[in-house]
4 protein chains.
Amino acid sequence: RDCKKKIDLHGLLFCYLILEPVQEEHESCDSHTSASGCTLFLGYTSNLISSGVRESIRYLAQHRMVDVIVTTAGGIEEDFIKCLAPTYLGEFSLKGKELRQQGINRIGNLLVPNDNYCKFEDWLMPILDQMVLEQKTEGTHWTPSKMIHRLGKEINNPDSVYYWAYKNDIPVFSPALTDGSLGDMIYFHSYKNPGLVLDIVEDIRRLNSKAVFAKSTGMIILGGGLVKHHIANANLMRNGADFAVFVNTGQEFDGSDSGARPDEAISWGKIRMDASPVKVYADASIVFPLLVAETFAHNANRLIKEKKSD
Amino acid sequence: RDCKKKIDLHGLLFCYLILEPVQEEHESCDSHTSASGCTLFLGYTSNLISSGVRESIRYLAQHRMVDVIVTTAGGIEEDFIKCLAPTYLGEFSLKGKELRQQGINRIGNLLVPNDNYCKFEDWLMPILDQMVLEQKTEGTHWTPSKMIHRLGKEINNPDSVYYWAYKNDIPVFSPALTDGSLGDMIYFHSYKNPGLVLDIVEDIRRLNSKAVFAKSTGMIILGGGLVKHHIANANLMRNGADFAVFVNTGQEFDGSDSGARPDEAISWGKIRMDASPVKVYADASIVFPLLVAETFAHNANRLIKEKKSD
Amino acid sequence: RDCKKKIDLHGLLFCYLILEPVQEEHESCDSHTSASGCTLFLGYTSNLISSGVRESIRYLAQHRMVDVIVTTAGGIEEDFIKCLAPTYLGEFSLKGKELRQQGINRIGNLLVPNDNYCKFEDWLMPILDQMVLEQKTEGTHWTPSKMIHRLGKEINNPDSVYYWAYKNDIPVFSPALTDGSLGDMIYFHSYKNPGLVLDIVEDIRRLNSKAVFAKSTGMIILGGGLVKHHIANANLMRNGADFAVFVNTGQEFDGSDSGARPDEAISWGKIRMDASPVKVYADASIVFPLLVAETFAHNANRLIKEKKSD
Amino acid sequence: RDCKKKIDLHGLLFCYLILEPVQEEHESCDSHTSASGCTLFLGYTSNLISSGVRESIRYLAQHRMVDVIVTTAGGIEEDFIKCLAPTYLGEFSLKGKELRQQGINRIGNLLVPNDNYCKFEDWLMPILDQMVLEQKTEGTHWTPSKMIHRLGKEINNPDSVYYWAYKNDIPVFSPALTDGSLGDMIYFHSYKNPGLVLDIVEDIRRLNSKAVFAKSTGMIILGGGLVKHHIANANLMRNGADFAVFVNTGQEFDGSDSGARPDEAISWGKIRMDASPVKVYADASIVFPLLVAETFAHNANRLIKEKKSD
């Protein structure tokens, strides 16, 4: 269809759906350009932070090899909890009832004792108090990405993905940040010290701008659901990503976005028509460390040097 | 472990992880009890609204057969868009590039023309203006669930799931409501008429309270990702749901919550140890209409009568 | 390519790969034409006979609604064993070690006691003796399909799929008939009474001829592996089936024939280029009874009448 | 149950189902013991020979690192065809109709021109003539494993898996050897030069004996269907394999043997109760080269030396 809808966006005119920025003008703030000129979006589901893939992700954040991160609430909190107490290797077949009676929570073949979440609570509650205070006294407008940035600063631990995201100013988006233990804590805390607001509108502006004002973009998405759709939808705002790698075990027959082939994203303008996207049908915990080793790590010296010379 | 963490929640003491409400006290507001005494949580992913399962879901909302709904942004907006223009049946194998050139978006084997989203924009923008106005003038504190309630009122169409959710006061939660066309609109709108805040903290309080203060709960969850975890996590707040039916095509081997068997949820206290949960390994578009037909619809007369006599 | 290879087949010239029967001439023997003029090939894996789908299959054989059957060894023997002793409903999660110690074998969520196989042995051994005798004295040239025909006669039980296949002269092919308990028995028996020969060459002639000399063909294939490939390969001999329905849970990404979409079979000439084949991505135990109910059973009166008037 | 069935097997008494060889006595023929004392059974589906996994399998056969091979008809013929003409890399999404019109057959994302099968025909037909002659003049009793052995000799090409199986006297079983292009050729050939018999009874004796008389056994099975069941069933004859690694993408929910976890095989006595079997849920084309590299190839020097000193 013809571009009938023209939207004024920060001085730019946009035609929604066939988005054509009539006049491009980079936002000055919040836009460290990646060395390659390509803004890399990395998305992953919570279980990958619970698994050993966390260390590959931490490596990428530490060396500023990705520019934007999107994950779920569990993908945030399990990283911090691992800084406070270890996750254990178990079995997929351990009985839920017996585990429950012993106070052990199962994530696939991994085990997290209840006590880890208590340590998380002890760590988090004073930070929530402080956030409420800043909101009330300084007018801080909290969003999920700002909260994650603050938590990355507070954990102050080089094992943490989000410590490095904080250090390297990599924004981390997680619009449903209340969907997990963080939400449990926020819920409890809201009865003791009410008033905290987490706004998702400012974050969608910030995420979309990362896509809109990038010279080119790439998406690396491990798993499905929210993280896959959220990165792809942001890239729709620029008529599609230039590069895309999906790693997941979803299948297309049920019509879910999780299992959709990259070609479905091309129909939406989430991936460019001339791109060569790839879907790897495999467990990311097998594939992603290999991918990182043979790409980012293999070229680490060059990539890190280019970053430094920005 | 022993209950070491005691949390004061609205006058109740809670021990986190082995949650034991020391003194139960029902919230007066926002708690129409379901006829059966069992609060039913229904969750589903976006593609099910795009598919013909929408009609089964609408039936349940219309007759107040479920008490709480959780879905994704697409699960909200596609319902409204279908009130404005039809979705078409296509093929999984249609080429993305050709569809893009024709302005047609593919969702599995379904097709949605760009023009549908333009109609959605025309419908939504004045509502967003009004929401900003109410926020500024009346101090309305918007949350995703409140916004969905308003949209259900505005659509005023008995084909809509959320029209009936509005009419029957069924809360609908979607913490990442910005992750879709609604987010696109909110993003564009924020440049024309900035200031809208969508807070996810109030919604997590509201959702969790639905679980905490229920006499008993059941979960029917179609698909995985956010909707599955969000309902299960809310039921953790009450030491687990009493009944659970999962319908999805996920597998457990990748360690994701989507593919996890109900027994994993028992380890967390998201499902009670003495429950008999069921996972159906199938495309919900095959199974759910059969399930509704043989359960809710089969007993409709009795169920509807009981609701009326509440 | 041009047809360079011309093969003389029973008086007909065939060009392999672009098979064009130069002169069509029906074999007189072994070719009851189906009422519709369409020869229906039904294939299914062993587990479907273990499950309740057996009754749907038996219904089709009883009423001569299919013309050729292909299954695996387990798909044969479990039908007979069910005539001798019942299969029980269990759970997928029952521990293998405990079951083994109790002499119970698990097939998915079904349980078969060792004793059932002893009863099968008691029934089968005298028949094997008789088969060896007939081979030696009458020169019977045994093939898997002939053996299944004999077993169907011997079981003499209207609950059996192969009793009805025998009665209605529906050939049943199972080239790897030794791959199961039947093979175990044949193996043991061969030490007591050696000499039995089961030839697979005559059966491939017989199966392929069913496809080659059919006016038109349809394939209904439940599951993957041998049964899927064997029926499709036979239909390659006639440049493809006219109709095809696949029901299975396989995925194409691993490159297996089991998960291949029907479109792959079109490239081989196993399905005609102008056909409209269907793949249902679902557990056949959910879908097949529905399919039979809404097609064969729905039109049973007409179908049975037409068969009688052959 | 008690052992009620006692079977005399080559001088040994066996109790079927709780198989206890009362007196163990090794067959002298056909039993090169593997260096480790553990007889290794390797099974794989046809597509893995079509893919680059063929080279890993060839490596194992070349260095006598496996003792018994089980595969499907395609797993045999595609190895020989690759010696005659190359297989090409394509795409999963290439249209079947267009490929058919160009005489190209698709196997997943691989392409095999019709002409390859013509070359195979030219190579195979004289061998079939010779086999019929030997049967008639020398009384050769052909079985699938004997035919594969002969073909491995005839191809005389070190790229071939079965050339090395021939050289190293590794038996290769494929009971449904007629289910593929080999079957097509045998079918055509039977009209020109009838009489070939391929007996599957002698092969089941030979396969089961490899398991029964082994000191210990291991199973490496890539994919499902016939190859998985056939190796596991042979190991039932010895109360279970000592070691087992399954690599496949099947799921257990449909009750198929393909997707069954190793624990199901323990209930049958196909894997020993004290074994520690592993199932890898992944495409073997990703995983198997890594497995071979880190196990067999890593220890190649030692393994090859031990074999030589047999």
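Details of the structure are given in the entry above.
Residues numbered from 1 in each chain as written. Chains lettered and ligands numbered in written order. Predicted model: local features only at pLDDT ≥ 70, side-chain atom pairs only at ≥ 80, totals over all residues. Heavy atoms only, no water.

Side note on the relation of the copies chain B and chain D
Copy one and copy two of the chain differ by a rotation about an axis and a translation along that axis. Rotating chain B by 180° and moving it 0.0 Å along the rotation axis overlays it on chain D with an RMSD of 0.0 Å. Here the symmetry operator amounts to a two-fold rotation axis. Most of the interface of chain B is mirrored in chain D, where 100% of its interface residues again form contacts. (Least-squares fit on C-alpha atoms with pLDDT ≥ 70 in both. Contact = heavy atoms within 4.5 Å.)

Here's the deal with the interface of chain D and chain C
Taken together, the 86 residues of chain D in the interface contact 87 residues of chain C. Between chain D and chain C lies a buried interface of about 8,000 Å² when both sides are counted; carbon and sulfur atoms form 57% of it. Of all residues in chain D, R100(D), Y187(D) and Y191(D) bury the most surface against chain C, accounting for 10% of the area lost on that side. Remark: the boundary between chain D and chain C carries two salt bridges. Note that R106(C) and E264(D) form a salt bridge whose closest N and O atoms lie 3.4 Å from each other. The interface formed by chain D and chain C holds 32 residue pairs in polar contact (both at pLDDT 80 or more) in total. Breaking the side of chain D that touches chain C down by element, the ones donating at least two residues are strand 1 (6-9), helix 4 (96-101), strand 6 (104-107), helix 5 (114-138), helix 8 (181-192), helix 9 (201-212), helix 10 (225-236) and helix 11 (262-268) of chain D. Here the side of chain D that touches chain C takes 10 residues from helix 8 of chain D, the largest share from any one element. Its residues assigned to classes, the side of chain D that touches chain C comprises 36 nonpolar, 26 polar and 24 charged. (Buried area = accessible area lost by both parts, 1.4 Å probe. Salt bridge = Lys/Arg side-chain N within 4 Å of Asp/Glu carboxyl O. Polar contact = N/O pair within 3.5 Å; in protein donor to acceptor, adjacent residues only side chain to side chain. Helix = DSSP H or I, 4+ residues; strand = E, 2+ residues; numbered from the N terminus. Nonpolar A, V, L, I, M, F, W, Y, C, P; charged D, E, K, R; others polar.)

Section: the sheet that holds strand 10 (residues 243-248) of chain B
All names here are of chain B. The strand order across the open sheet formed by six strands is 8-4-3-9-10-11, and the pairing between neighbours is parallel. Of all the strands in the sheet, just strand 8 (172-173) and strand 11 (278-281) have a single pairing partner and so form its edges. Sheet topology note: the strand 10/strand 11 ladder contains four bridges and is parallel. Directly across from F246, in strand 11, lies its bridge partner K279. Strand contacts of helix 9 (residues 201-212): strand 3 (38-44), strand 4 (68-71), strand 8 and strand 9 (216-222), with the helix running at about 130° to strand 3, the strand carrying the most contacts. (Pairing = 2+ DSSP bridges. Axes fitted to C-alpha atoms, helices over the stretch in contact; angles between N-to-C directions.)

Quick notes on the side chain of T140(B)
Along the chain, T140(B) falls in the loop between helix 5 (114-138) and helix 6 (144-155). Those residues within four positions of T140(B) in sequence are excluded, and the remaining contacts are E134(B) and Q135(B).

Description of the state of the cysteines
Applying the stated criterion across every chain, the model contains zero disulfides over all chains. Residue C83(C) stays outside any disulfide, its sulfur separated by 17 Å from that of C118(C), the closest cysteine. (Disulfide = S-S within 2.5 Å.)

Thoughts on the interface of chain B and chain D
Taken together, the contact pairs five residues of chain B with six residues of chain D. Interface area for chain B against chain D, summed over the two sides, is near 570 Å², with a carbon-plus-sulfur share of 56%. Area buried by chain B at its contact with chain D is led by Q251(B), F253(B) and Y281(B), which between them contribute 68% of it. At the junction of chain B and chain D, the tally comes to zero salt bridges. For the pair chain B and chain D, the interface holds zero residue pairs in polar contact (both at pLDDT 80 or more). Of the residues that constitute the side of chain B that touches chain D, the class distribution is two nonpolar, two polar and one charged.

Some words on the relation of the copies chain D and chain C
You can overlay chain D on chain C at an RMSD of 0.0 Å; the transform is a turn of 180° with a shift of 0.0 Å along its axis. Counting the interface residues of chain D, we find that 100% of their copies in chain C are interface residues as well, pointing to one common contact surface.

With respect to the pattern of salt bridges
All names here are of chain A. Across all of its chains, the model carries 40 salt bridges over all chains by this definition. Across the salt bridge formed by E55 and R54, the nearest N and O atoms sit 3.6 Å from each other. The exposure class assigned to E55 is partly exposed, which follows from its relative accessible area of 37%. Take R54: its relative accessible area is 5%, and that puts it in the buried class. The residue K119 makes a salt bridge to D115 at a minimum N-O spacing of 3.7 Å. Here K119 pairs with D115, and both are found in helix 5 (residues 114-138), just four residues apart, close to one helical turn. Note on D115: relative accessible area 30%, which makes it partly exposed. One network of salt bridges, with partners in common, ties together R54, E55 and D79. (Buried < 20%, exposed > 50% of the residue type's maximum accessible area, 1.4 Å probe, protein only.)

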